[in-house]
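Residue strings, one per chain:
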Number of protein chains: 2
Amino acid sequence: MSNPNFDTKAFRNALGTFTTGVTIITTKAADGTEVGLTANSFNSVSLDPPLVLWSLAKSAMSVPVFNAAEHWNVHVLSSSQQELSGRFASRGEDKFSGLLQDKGVSSAPLLQGCAARFQCRNAFIHDGGDHIIFIGEVLDFDRNDQAPLAFHSGQYALTVPQPWEEVNLSQAEDTLACSYNEDLLGYLLGRSHFQMLSKMRSVLTEHLLQDIHFFALSVLSINDGINIEQLNTHIEYTGRCVSDAQLQHMINSNLLKKTDQCYFLTDQGRQVSLQQIAQAKAIEDELVDGLSQGEINALKLLLKQIIKRTDPGLPDLWSKVS
Amino acid sequence: MSNPNFDTKAFRNALGTFTTGVTIITTKAADGTEVGLTANSFNSVSLDPPLVLWSLAKSAMSVPVFNAAEHWNVHVLSSSQQELSGRFASRGEDKFSGLLQDKGVSSAPLLQGCAARFQCRNAFIHDGGDHIIFIGEVLDFDRNDQAPLAFHSGQYALTVPQPWEEVNLSQAEDTLACSYNEDLLGYLLGRSHFQMLSKMRSVLTEHLLQDIHFFALSVLSINDGINIEQLNTHIEYTGRCVSDAQLQHMINSNLLKKTDQCYFLTDQGRQVSLQQIAQAKAIEDELVDGLSQGEINALKLLLKQIIKRTDPGLPDLWSKVS
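As a starting point, this report considers the structure included with it. Small disclaimer: the values here were computed from a predicted structure and weren't measured. (Residues numbered from 1 in each chain as written. Chains lettered and ligands numbered in written order. Predicted model: local features only at pLDDT ≥ 70, side-chain atom pairs only at ≥ 80, totals over all residues. Heavy atoms only, no water.)

### With respect to the overall build of chain A
Here's step 1: Scanning chain A from N- to C-terminus turns up 10 helices and 14 strands.
Here's step 2: Taken over the C-alpha atoms alone, chain A extends approximately 80 × 50 × 40 Å along its principal axes.
Here's step 3: Relative to its 322 residues, chain A shows a buried fraction of 54%.
Here's step 4: Of the contacts formed within chain A by residues at least 6 apart in sequence, a portion of 60% connects residues at least 24 apart.
Here's step 5: Working note: accessible area of chain A is about 14,100 Å², and carbon and sulfur atoms make up 48% of it. (Helix = DSSP H or I, 4+ residues; strand = E, 2+ residues; numbered from the N terminus. Buried < 20%, exposed > 50% of the residue type's maximum accessible area, 1.4 Å probe, protein only. Contact = heavy atoms within 4.5 Å. Areas by Shrake-Rupley, 256 points an atom, 1.4 Å probe, with all protein chains shown as cover.)

Structure follows, in C-alpha cells:
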C-alpha cells in the first residue's frame, strides 16, 4: 500500500495545517506503572453514547499498555500547560513526578489544571495503518474555563475567538473605502494607547503630573541615578523629551532629588510611581473582565513582536546603567 | 448504554475546549449530486499508509451518499473562508453554486482557496455510537501557506503561533520582579504606538509637520469642513489639542484653507495626507513580512476590542458631521 511517490514530509506538513488542541493521555499499566503521552490526534466521536477517540503510533513503547488498559484519561491542556505538553511528549522516565493528581473513576492518572478531562473506558480498538485508533466511552468528565493550548503547523499557538458579529469601531458604512480607515494598524495602536493612557489621567492629575512627567517617572522607577540625557534616550522615541523645567517641577513636588546632575526618586516619588503602576494594572485587569486571559496573552505576544520589529535601537530599560 | 445522568450539553461544552480546525468534506452522489458539509471531527491517523478520518452523525441526510461513496475530499479551511464554513454547515440546496472547482483524482468536488486539501478513497467505515467514522486513504493532497480557521468552544477563532523561544524585550533577568515591567499592557501599547509613529517621522519632517499636525491632518482627511472645537473632539483624548497657531502653520504651508471658521484640506493637503497614509500602510506591510496575515488580523481584532472597552465616548470619526 506504500506509495513511493508519496512525500511523507509534505503530507505531514499538509496535515499540520489542521489546527488541533493538545491532550495528554494517561493510563496505569498492570504492574502499576503510570504511563502518559502527548497527543493531538484526539477528537470527539459521539454524544450518545459519549465516545471520543485518539490514535497512537504502533511504534510507541506504550502500545502494549494501552492495548491492555481497561481505562485511560484524556486531558485537554490549557495555554498555561505548554511545559507539561513538552514533558509528556518526551521519553523522560519521571513524567508524573511532582504532579498533583485527583482521584478518578479508574486508577488511570488524573492530572490537574487542564481545560477539560475525559475519563474513559477503553471501548474499541481499530487498526489505522501505522497507528492504532482507540475509542473510549466517557464515564466522567469535567471542564475548567481556561484558555486552550493549540497546535498548528508544528508550533504551539494561542487562539483568539472571532466574535459572531464583526467588531467595527465606526457605524459609518463605507469606512473601508476611505484610505485612512479603522483597519490601519497605526491608527488602532495609537487609539488604544491614548485611550489606555487617558484612563491614567485621574491619577496623574491628582499628582499634578502630565504625560511627560509620567514617562520620566516610569523610567526612573526602574532605573534611577541617571542624568537628563540618559533619561531622554528612553523617552525621545515618543517624539517628546523631558526638560530641565519639567524635572524641576517634580523636584519641587518632592518626587525627585538631584545629585551630581543625576536624578533619583524620593521615597514619595517611589510611592507615587507605585500608585501609578497599580492604576495601570487596574486598567488592565478591567479589560481582562471582557477579554480572556488567553486573548490578553496573545495581544501581548503580538505587541512584543511588533515592538521587536520596529525597534529603532532603544536602550534596554531594565538593564541597569553601570 | 445511554446514561440518564450524563449531561449531554455539558459534555458537548467540555469537548468544545479541544481546539480544532474546520474542514469541508465533499463527495459526489451516484446521481451526480454534489454533496458537502462542514466538519471539525477531522484528524490525521497514519502517515504510511496515509490515512485520515472524520465522523458524521448517523442522523445526517448525507449518510447514505458517504456510505456508498468511493471517494471524498477534505478541505482544511483558511481564516478567510469562515463564510464558506457557514454555508456548508447549513442545509442550503445550492452550497456549491458560484464556487470554482479544480479537477481532482476523483469526481468529488475539489474547492479552491483552502489551507490544505486531501483527496481520499473511502477506505474503512467504523461504527462510532451516534456517528459513523470514515477513514480515508489519501491519494493526493496539496497545501497553501495560509492562516488557518480554527474553532473553539463553539466559536470561530484565529490562531497566534507561540514562538519556541519566549519573546522578551529586555535582556535583563529579573524584569518580572520589577513592578513596572515589560508585561504591562499599557507599556506595550505605548511603546508599539510610538515606535510605529516614529517610523512616520521622516515623511512628517519632509512636510515640516509634527505629530499634532499629523493627527489634525488625518482627521480632516476623513472629515473636513469642521471648526477647531469639532476637530479637537477627535484629538483631545491624546492628551493634546491642536492650536490655532498650528492650524495656521498648515494654512501657511498650503495644506489647509479656512472658510467661516471651518478648515478644509487643499488639493496639496489631500495629496500630502495620502502620502502619509501610504507611508503608514508601507510600515504595516513591512511588519506583515515577519508576522503572518493571520497574526496581523488577530492583533487588529484584539486592538479593536481594547478600543471598544476603553472608549471614553469619542465621536465617530467616519460619520460625517451633517
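What follows continues from the structure just given.
### Some thoughts on the interface of chain A and chain B
Here's step 1: Between chain A and chain B, the contact holds 133 residues from the first and 134 residues from the second.
Here's step 2: Buried surface at the junction of chain A and chain B, both sides included, amounts to about 13,200 Å², of which 69% is carbon and sulfur.
Here's step 3: Three residues stand out in chain A for area buried against chain B, namely F18, L47 and W318 of chain A, and they jointly supply 6% of the buried area on that side.
Here's step 4: Applying the counting criterion to the chain A and chain B interface returns six salt bridges.
Here's step 5: A salt bridge links K304 of chain B to E182 of chain A, with the shortest nitrogen-to-oxygen separation between them at 3.3 Å.
Here's step 6: Along the contact surface separating chain A from chain B lie 48 residue pairs in polar contact (both at pLDDT 80 or more). (Buried area = accessible area lost by both parts, 1.4 Å probe. Salt bridge = Lys/Arg side-chain N within 4 Å of Asp/Glu carboxyl O. Polar contact = N/O pair within 3.5 Å; in protein donor to acceptor, adjacent residues only side chain to side chain.)

### Some remarks on the pattern of salt bridges
Residues and elements named next belong to chain A.
Here's step 1: Counted according to the given criterion, the structure contains 24 salt bridges over all chains.
Here's step 2: Residues R240 and D211 are paired through a salt bridge, measuring 3.9 Å at the closest nitrogen-oxygen approach. Taken together, the residues span a long stretch of sequence, with R240 in the loop between α7 (228-233) and α8 (244-252) and D211 in helix α6 (residues 211-222) at a distance of 29 residues.
Here's step 3: Judged by relative accessible area, which is 26%, R240 ranks as partly exposed.

### Focus: the packing of aromatic side chains
Here's step 1: In this structure the tally under the stated criterion is 33 aromatic pairs over all chains.
Here's step 2: Ring geometry for Y180 of chain A against Y187 of chain A: centres 5.9 Å apart, planes inclined by 75 degrees, an arrangement best described as edge-to-face. The burial state of Y180 of chain A is the same as that of Y187 of chain A; both residues are buried.
Here's step 3: Each ring, one from W54 of chain B and one from W72 of chain B, has its centre 5.8 Å from the other, and the planes form 85 degrees; the classification is edge-to-face. With W54 of chain B in strand β5 (residues 51-57) and W72 of chain B in strand β6 (residues 71-76), this pair connects stretches of sequence that are 18 residues apart. You'll find W54 of chain B and W72 of chain B in the same group, each marked buried. (Phe/Tyr/Trp six-rings, centres within 6.5 Å; stacked < 30°, edge-to-face > 60°.)

### Considering the packing of helix α4 (residues 185-198) of chain A against helix α10 (residues 293-310) of chain B
Here's step 1: Following both chains from N to C, one finds α4 of chain A and α10 of chain B inclined at 35 degrees, their axes separated by 9 Å at the closest point. In the packing of α4 of chain A onto α10 of chain B, the handedness of the crossing is left-handed. Contacts between α4 of chain A and α10 of chain B involve L185, L188, L189, R191, S192, Q195 and M196 of chain A on the former and, on the latter, I296, L299, K300, L303, K304, I306, I307 and T310 of chain B.
Here's step 2: Here the residues of the contact of α4 of chain A with α10 of chain B are counted per class, giving nine nonpolar, three polar and three charged. (Axes fitted to C-alpha atoms, helices over the stretch in contact; angles between N-to-C directions. Left-handed = near helix turned anticlockwise from the far one by under 90°. Nonpolar A, V, L, I, M, F, W, Y, C, P; charged D, E, K, R; others polar.)

### Notes on the packing of α4 of chain A against helix α4 (residues 185-198) of chain B
Here's step 1: Remark: α4 of chain A packs on α4 of chain B, axes separated minimally by 8 Å, with the N-to-C direction vectors making an angle of 135 degrees. It follows from the interaxial angle that α4 of chain A and α4 of chain B lie oblique. In this structure, α4 of chain A meets α4 of chain B at a crossing whose hand is left-handed. Together, L185, G186, L189, G190, S192, H193, F194 and M196 of chain A of α4 of chain A and L185, G186, L189, G190, S192, H193, F194 and M196 of chain B of α4 of chain B make up the contact between the two elements.
Here's step 2: Residue classes in the contact of α4 of chain A with α4 of chain B are distributed as eight nonpolar, eight polar and no charged. (Parallel < 35°, antiparallel > 145°, perpendicular 65-115°, else oblique.)

### Here we look at the nonpolar core
Here's step 1: Counting 109 residues, the largest nonpolar core has L185, L231 and L247 of chain A together with L185, L231 and L247 of chain B as the members making the most contacts within it.
Here's step 2: Leaving out residues up to four positions away in the same chain, L247 of chain A has contacts with A216, I228, L231, V242, L256 and Y263 of chain A. (Core = buried A, V, L, I, M, F, W, Y, C linked by side-chain atoms within 4.5 Å.)

### Here we look at the sheet that holds strand β15 (residues 262-265) of chain B
All names here are of chain B.
Here's step 1: Taken in spatial order, the three strands of this open sheet run β13-β15-β14, and their pairing is antiparallel. Sheet topology places β13 (226-227) and β14 (256-259) at the edges, where each strand pairs with a single neighbour.
Here's step 2: Looking at chain direction, β14 and β15 are connected through four bridges and run antiparallel. When the bridges of β15 are listed, T259 appears paired with C262.
Here's step 3: Sheet contacts for helix α6 (residues 211-222): β13, β14 and β15; angle to β15, the most-contacted strand, approximately 85 degrees.
Here's step 4: Lying on the sheet, helix α8 (residues 244-252) is in contact with β14 and β15; it crosses β14 at an angle near 115 degrees. (Pairing = 2+ DSSP bridges.)

### Digging into the side chain of H193 of chain A
Here's step 1: Mapping H193 of chain A onto the fold places it in helix α4.
Here's step 2: Look past the residues within four positions of H193 of chain A in its chain and what remains in contact with it is L189, G190, H193 and F194 of chain B.

### Section: the relation of the copies chain A and chain B
Here's step 1: Mapping chain A onto chain B calls for a screw motion: a turn of 180 degrees about the axis and a shift of 0.0 Å along it, with 0.1 Å RMSD after fitting. With respect to symmetry, the two chain copies, as superposed, fit the operation of a two-fold axis. (Least-squares fit on C-alpha atoms with pLDDT ≥ 70 in both.)

### Re unusual backbone geometry
When glycine is set aside, most residues are seen to have a negative phi, and most peptide bonds are trans.
Residue and element names in this part refer to chain A.
Here's step 1: The peptide bond linking D48 to P49 adopts the cis configuration, its omega dihedral lying at 5 degrees.
Here's step 2: Backbone geometry at D260 places phi at a positive 50 degrees, although glycine is not the residue there.
Here's step 3: Within the element layout of this structure, D260 appears in the loop between β13 (256-259) and β14 (262-265).
Here's step 4: With a relative accessible area of 71%, D260 lands in the exposed category.

### A look at the environment of D224 of chain A
All names here are of chain A.
Here's step 1: Within the secondary structure layout, D224 lies in the loop between α6 and α7.
Here's step 2: C-alpha of D224 to C-alpha of V272: the two residues are 48 residues apart in sequence and 15 Å apart in space.
Here's step 3: Dropping the residues within four chain positions of it, D224 is found in contact with Y263, F264, L265 and R270.
Here's step 4: Within the local environment of D224, its side chain forms a polar contact with the backbone nitrogen of L265, the two atoms lying 3.0 Å apart.

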